[in-house]
Amino acid sequence: MKLEIKNLSKTYPNGVQALKNVSLSIGKGMFGLLGQNGAGKSTLMRTIATLQDPDAGEIDFNGIDVLKNPEELRKVLGYLPQEFGVYPNVSAKELLLHIADMKGITHPGERKDQVEALLQRVNLYNVKDKKLSGYSGGMKQRFGIAQALLANPQLIIVDEPTAGLDPMERNRFYNLLSELGENSVVILSTHIVEDVSTLCNDMAIIGDGEVLLTGSPSEIETSLNGKVWEKQIDKSEYIGHKDRYKVISNHFHLGRMLVTVVSEDMPDSDFYRKSPELEDAYFNLLYDHQKITA
Amino acid sequence: MILKIITYELRKRFTSWITLLFFAMLIFQGFWYTKGFFDYYPNDGLLMNATAIGYMNLSACGMLMIIIVAIVTGTALHKDLQYGTGQWVYALPVKEKSFYVGRFLSSFLFNVLLALGYVVGIALLPYSGIGEPDRFGAIPWGQILHGFFLLTVPNLFLLTSLFFVALVFTRRLAAGYLVVFGTVIAFLLMQTVSEASGITPALAIGDPFGYVSTDGLTGQMSLEERNFGYLPFTGYLVLNRALWFSIAIVAFLLSYFKFSFKSFGNKVGSKKKTLKDVYVAQTESLKATLIPKLSFSTGDFIKKLWTLAKLEFQNITRPMSFKMIIGIIVLMEILQSLMWNASFYIGPTMPLTSTMTLFRLSFGVFIMMLIIIWSGELFFKDRVVKISAITDTLPVPVWVTQFSRFLALAGMAFILAFSFMAVGVIVQVLKGGASLMEVGLFAYDMLGYNWGWLTYVLWIAVVFFIAGLTGNRFLTHILSVGSFLLIILAFELGLAEQVIFAYAAVPGLEDYSEISEYGIWYTSAVWYFLMWTVAAITFVLLGIYLWDRGAGKSWLTKLSLRGKQLNLMGKVGIFAALIAFFVLQSFIVKNVNKKGNFIPSATLEELDATYERTYGYLAERAHPKYAHLDLQFNFYPEKRKASYVADVLLINPSDRRIDTLFLNTKHAVAINSVYQEGEMLQVVRRDSVQRVFGFALSKPMFPKDTALVKLKMVKDYKGFTQSGADPQADLMANGSFGAIAEYLPVIGYDSGRELDENRVRYDQGLAKWESRYPEIRDTKALMENPFAPDALRVTGSITISTSENQVPFAPGRLLSTSTKKGRTSRTYEIGSPTYFNWYLGSAKVAQKTFNSGKTGISVYASPKHPFNIDLYGKALEKGIDYLNNAFGGYPYEEVRLLEIPFYQGEFFAYPNSIAISEREGWYADTTGMKERAYIFQSTVTQLAKHWIQHNVNIANVQGAEMLSVALPESIGLQILEKEMGQEALEQVIEKKRDYVGLHQANEPNKEPPLIYADGADYLEPHKGAIALNRLQNIIGREKYNRVILDFIQKKPEEQKVFLDLYQKLLDAVPLAEKEKVADLFERVNIL
């Protein structure tokens, strides 16, 4: 079970080059696609999900030429888009039964069983007969997850799935996804680094439409072993540090600014070594990429 | 704050290219509408940029302006909901009422500034190249701006206020669109009704745009005022403006007080309580549940198509809004069916099915627009609720998802059409018309393609196509509604007249006759419907093919033949349907146009002008005239054919020798052979285009010579026709009725083909006419009669046959009737010389007889219309009695009254016969005196025409119809007064006055004084009759009648002129009243 993406490119009519020669090979399990807003993640997701045509390139899933035979891919696809709506005047159960029917579950009994099981799993069973117009943002997101999982998809694409979920639901969703990753290819597109590091066994970082890095989260993390330094500074010192060092990120802790710097050696005596995290590798990569493109 | 908002909004809008486009569209509308209104007023002296036209334009607003107003008005307020900007804009430190007023005024001012495009278009028409320079006066800037501020600006204020109040209360743009379109429908309804029935106070005040009252005021203007005058701000217009401005103010105030950031800023539907989210621990693994069997066979997709269609159908019909809209429409239908008069001129009618099905036409535009908008909404439903990102990735082909919506919409349209039909049935029963019900007609009109359910489906297919083409909901609405309105308007304004350009329309849908039903249009409609059906199939297939699944595709990708949304069969289907469309179109063009069944008016005018130019010389030459006719005539109604042999005695009344017999035939007539004294004549001139044939006489006709000529002829309509001027009513499956000249040739020069509107004559390069009749001193015309200049008074016999189940009618005394070999034959004899204004007919009829002295009366009416036969019979009895007593005797011992289809005209009086259109009383509800009086007077008038025709040799000059029409009308009024009293007389006179008011303003040439009356519909039968009645009242009835009798009886062999009768009548008028009478007859005035 493998998704192969080769030399995918897409330029929008307004001139924005959303994908630049993107190539990826994604096997069974959870695959994280990390990138900033506007990096091209959603374009890539929509293209894989047959909603958009690229200008060039190929996509193959288990022998299905996705661009030539999108209808074949749709038979094995589960897709949760970044933004979606629902029909207001129907219940969750009605709509899921309808989608299940569309997904090819022709037997009414099987359809009912699976819909009810999924409603249980996404914690919507108790409100299954209520109209979707009354659902909160989180409930709608769970509904979206349920529909994506209908009909045992072999390729699951989830685009920013945890937006709008509270921490508890987010955990439940993580569990659900990991379970699915055992038997299918799951692509998780997100800009939340933690989601990828928690769940994915393989990942890619995308920026300005290009694949900047691929590998496992742990590999990417360890690539910076011994090179990540952190220091607490006064806010007024930030500009000076930025000029002198490779400051890949900064954040506040207890009212003081913490800067993270990548360097082969200790930048100065006030810095202390930090065990690298995926986030550091991600920021480091973006820093390098911005320097190159600048 | 308000000023800042207005400045910001206007600056933003006026820097957008779409504003420029809208402005350009309105300039175009200025050109378009001005040309349309100019054509609407046929008066020759009217300038194309007459101020009256400008006022009419500015009050009508125009469809493009209304669509643009609908598009732009609401966005100023709704955009904060649409784009979610209200979340922060409404949190800014602004006063919400000031904010609202700012947004309202910016919308209103934007509309006003945009509408200046319309003003520019109206003003700049002289420079557009439409019309010659002498058609224009100086640009009337003052009057245009006067009309703009008096009519357009208040109308825009009204539309803006109504839109905003709907938006504020519902927070939905759709409500705003509905209110605007509802207002337009109200305007259209009042405009249409006022055109049909005249301007009533209710219509003039109730019309939201003030168009009807403006029409009324411009109608009363002289030509000079129409060209250059200012519209007087008086009468109903004041009340109209006051009423609708008040309504606009109330709407604005309601919205002003209702608007608040809190209520308006909440999302639509957010009043609903959000469900409580309860967490329930789950332990079950998902894996166990994910083992369904999947199937994607074609059979599955077909099942899905059905289940999806059901689901979508429920989605449309479930919401309360749908039920409310249906309820409102049904209520409108009930009101209309209870109150509508099929023929306004006669008044209320019996509860016939054909009057019940009229609803689909009178509200047709409104219903169709609703269906079009619903369709657009459903096709884009997934995108609107943003679920398309999910549904587009489902393994279901586009044809299943989209076509299921098409089916659901077709189902919804069926529910609508069926509801209208059911309501029609119920109302008909409630009005006591159960026994008159024609279920087949209900089904044909309401559920078929005669602007019924199938027409709705055809338009849904268009929306389907436009949705696929544009991939944009907003554009789909605009293009769909726009193309629909464009077609309607193009036909309303006369810019298009061939049904082949009116998508989904079929010929004859407005022309149902109770006698002939839809006649030939049944056949036409089938072919047109087939053509539109294959067009619709193409639209549906293209809609599937072009539909954007997922993100929008480039045009190159969309149009690529390699697209996979349709399989090979589908793609071949598109081409096959397209080919079928063009094949059917060619077939229709061949049958309708190429076979000469329909000629567009411009071509016809050109053809007639060419005839006049080419054959005008014939008018100066001597020709023989009909003097006696023995006719063997056979109708074949089912085949729309007649074959006949005419033995004609011709006479040369001139003092010149005649060598050639020139014959003019009508369309579909063929002269098989012409014999003179047994010798076949040779054709020396053959013009098949103008249908003029010259035959060399075997023996020349010297002055006063006679010749016996035998004509073997056939009239046979091939193919079919479309709606328009000529319904081919002289040969129909039932109810054929035609003038003798429709079958037999006109000899010499056919003056009936001359163009009689001066503007058209000018356009065709012909000299304008001073009068439609020859001048009073035209010596040649003085010797002719106005009924048939190619005939003297004629005697003859007619043996006429038709199908067994019909009765053949002809002029003259009925000699015999027989039925054999499936044919019914009758022989008629015209013993004493009569005018050659004969008519032939054939119809299924029921007969009832009456008697008046020595005159036998037979009334022949459609078996479906027994309602008023006795009324007609009694009118004939009393009319004959009166003529016998007061005018020396009714000329015939036998008279037949026929009910005929409405196509040919209203009233016909010819030897021993009267024919009255079905719409002039046969199915009128005669409970009221007004209707009874109208039927009585119009019937006895025909008897008086018989008396005049029998006794007076009328000269074919100005005033001829004062003798042949106005005088009988005045006698008819006399009889009415005697039999039914003063009140009945006044009611009929009031009807006649209304008719004059409605039509006098549209005089195409120059209205003559009555002594020179020249045959306009509003003149002799209405204005002339009223004037003669007033004159009779001045000099007294007995004296009036005596003067008429003296005039007629003195030298009866002489050709009479109305002016001479008038002089005699004037002599009898007291001196004090002479000037008043002279005003009536010698000058042009408004009654």
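Going by the structure above, here's the rest.
Keep in mind that this is a model prediction, so the values were computed, not measured.

### Section: the overall build of chain A
The helix and strand tally for chain A stands at 10 helices and 14 strands. On the principal axes, the C-alpha backbone points of chain A span a range of 70 × 45 × 35 Å. Taking all 294 residues of chain A together, the buried fraction comes to 47%. In chain A, 68% of the contacts between residues at least 6 apart in sequence involve partners at least 24 apart.

### Thoughts on the interface of chain A and chain B
On the chain B side, the residues contacting the 51 residues of chain A number 44 residues. For the side of chain A that touches chain B, the secondary-structure elements that each account for two or more residues are α2 (70–74), β6 (77–80), α3 (92–102), α4 (108–121), α5 (137–149) and α6 (167–181) of chain A. Looking at which element gives the most residues to the side of chain A that touches chain B, the answer is α4 of chain A, with seven residues. Tallied by class, the residues present in the side of chain A that touches chain B amount to 20 nonpolar, 18 polar and 13 charged.

### Some words on the nonpolar core
When a protein is soluble and globular, its nonpolar side chains tend to lie buried together. In terms of nonpolar packing, the biggest core is built from 252 residues, with Leu188 of chain A together with Leu26 and Ile460 of chain B touching the most fellow members. Broken down by element, this core gets its largest block of residues, 16 residues, from helix α26 (residues 521–546) of chain B. Not counting the four nearest positions on each side in its chain, Leu26 of chain B is found in contact with Leu64, Met65, Ile68, Leu114, Ala115, Gly117, Tyr118 and Gly121 of chain B. Residues Val692, Ala843, Tyr1062 and Leu1065 of chain B belong to the second largest nonpolar core, which totals 142 residues.

### Regarding the sheet that holds strand β12 (residues 247–253) of chain A
Residues and elements named next belong to chain A. Read across the open sheet, the four strands follow the order β12-β13-β11-β14; overall the sheet is antiparallel. In the strand order of this sheet, the two ends are held by β12 and β14 (272–273), each with one partner. Sheet topology note: the strand β11 (residues 228–233)/β14 ladder contains two bridges and is antiparallel. Within β14, the position partnered with Glu230 by the bridge is Tyr272. Against the sheet, helix α10 (residues 278–293) contacts β11, β12 and β13 (256–262), and its axis sits at roughly 130 degrees relative to β12.

### As for unusual backbone geometry
All names here are of chain A. Its identity as a non-glycine residue notwithstanding, Asn152 has a phi of 50 degrees, on the positive side. Mapped onto the elements of the fold, Asn152 is located in the loop between α5 and β7 (155–159). A residue is classified by how many C-beta atoms lie within 10 Å of it, and Asn152, with 21 of them, is buried.

### As for the sheet that holds strand β1 (residues 625–636) of chain B
All names here are of chain B. One open sheet holds the eight strands; their spatial order is β5-β4-β8-β2-β1-β11-β14-β13, and the pairing between them is mixed. Every other strand in the sheet has two partners, leaving β5 (679–680) and β13 (813–820) as the edge strands with one partner each. Sheet topology places strand β4 (residues 669–676) next to β5; two bridges connect them, and they run antiparallel. Residue pairing for β5: Tyr675 is matched across the bridge by Met680.

### Describing the pairing of β6 of chain A
Residue and element names in this part refer to chain A. Neither face of β6 is left uncovered, since the one carrying Leu77 and Tyr79 and the one carrying Gly78 and Leu80 both have all their residues buried. Here β6 runs beside β7; their pairing, made up of four bridges, is parallel. Paired with Tyr79 across the bridge in β7 is Ile157.

### Observations regarding the packing of helix α22 (residues 398–430) of chain B against α26 of chain B
All names here are of chain B. It is at 9 Å that the axes of α22 and α26 come closest, and there the two elements cross at 135 degrees. Taken together, the axes of α22 and α26 are oblique relative to one another. The interaxial crossing formed by α22 with α26 has right-handed handedness. When α22 is examined against α26, the residues Val398, Trp399, Gln402, Phe403 and Phe406 are found in contact with a partner set consisting of Val540, Gly543 and Ile544.

### Re the environment of Phe936 of chain B
Residue and element names in this part refer to chain B. Position of Phe936 among the secondary structure elements: in helix α34 (residues 929–951). With 27 C-beta atoms packed within 10 Å, Phe936 lands in the buried category. The sequence separation of Phe936 and Lys874 amounts to 62 residues, and the corresponding C-alpha distance is 8.5 Å.

### Notes on the packing of helix α37 (residues 1019–1035) of chain B against helix α40 (residues 1071–1082) of chain B
Residue and element names in this part refer to chain B. Interhelical geometry of α37 versus α40 gives an angle of 170 degrees and a closest axis separation of 10 Å. Looking at the two axes, α37 sits roughly antiparallel to α40. Here α37 runs over α40; the crossing is left-handed. Contacts between α37 and α40 involve Ala1027, Arg1030, Leu1031 and Ile1034 from the first element and Glu1073, Val1077, Leu1080 and Phe1081 from the second.

### What to know about helix α1 (residues 2–14) of chain B
All names here are of chain B. Relative to the 18 Å expected for 13 residues at 1.5 Å per residue, α1 spans 18 Å between its end C-alpha atoms, a close match to the ideal helical length. Among all positions in α1, only Ile5, Ile6 and Arg13 are buried. Projected onto a plane normal to the axis of α1, the buried residues spread over an arc of 95 degrees and lie on a single side. Counted as exposed and oriented over 90 degrees from the buried face of α1: Leu3, Lys4, Thr7, Tyr8 and Arg11.

### What to know about the pairing of strand β16 (residues 846–852) of chain B
Residues and elements named next belong to chain B. Sheet analysis places β16 next to strand β17 (residues 855–861), joined by seven bridges and oriented antiparallel. Paired with Phe850 across the strands is Ile857, a residue of β17. The loop that links β16 with its antiparallel partner β17 comprises two residues; one of these, Gly853, has a positive phi angle of about 60 degrees.

### A short note on the environment of Gln141 of chain A
Residue and element names in this part refer to chain A. Within the secondary structure, Gln141 is located in helix α5. Here the alpha-carbon distance between Gln141 and Asp268, two residues 127 residues apart in the chain, equals 47 Å. With near-sequence residues (within four places) excluded, Gln141 lies in contact with Gly164 and Leu165.

About the criteria used
- Residues numbered from 1 in each chain as written.
- Chains lettered and ligands numbered in written order.
- Predicted model: local features only at pLDDT ≥ 70, side-chain atom pairs only at ≥ 80, totals over all residues.
- Helix = DSSP H or I, 4+ residues; strand = E, 2+ residues; numbered from the N terminus.
- Buried ≥ 20, exposed ≤ 12 C-beta atoms within 10 Å, placed from the backbone.
- Contact = placed C-beta atoms within 7 Å.
- Nonpolar A, V, L, I, M, F, W, Y, C, P; charged D, E, K, R; others polar.
- Core = buried A, V, L, I, M, F, W, Y, C linked by C-beta atoms within 7 Å.
- Pairing = 2+ DSSP bridges.
- Axes fitted to C-alpha atoms, helices over the stretch in contact; angles between N-to-C directions.
- Parallel < 35°, antiparallel > 145°, perpendicular 65-115°, else oblique.
- Left-handed = near helix turned anticlockwise from the far one by under 90°.
- Expected span 1.5 Å × (residues − 1).
- Arc of directions from axis to C-beta.

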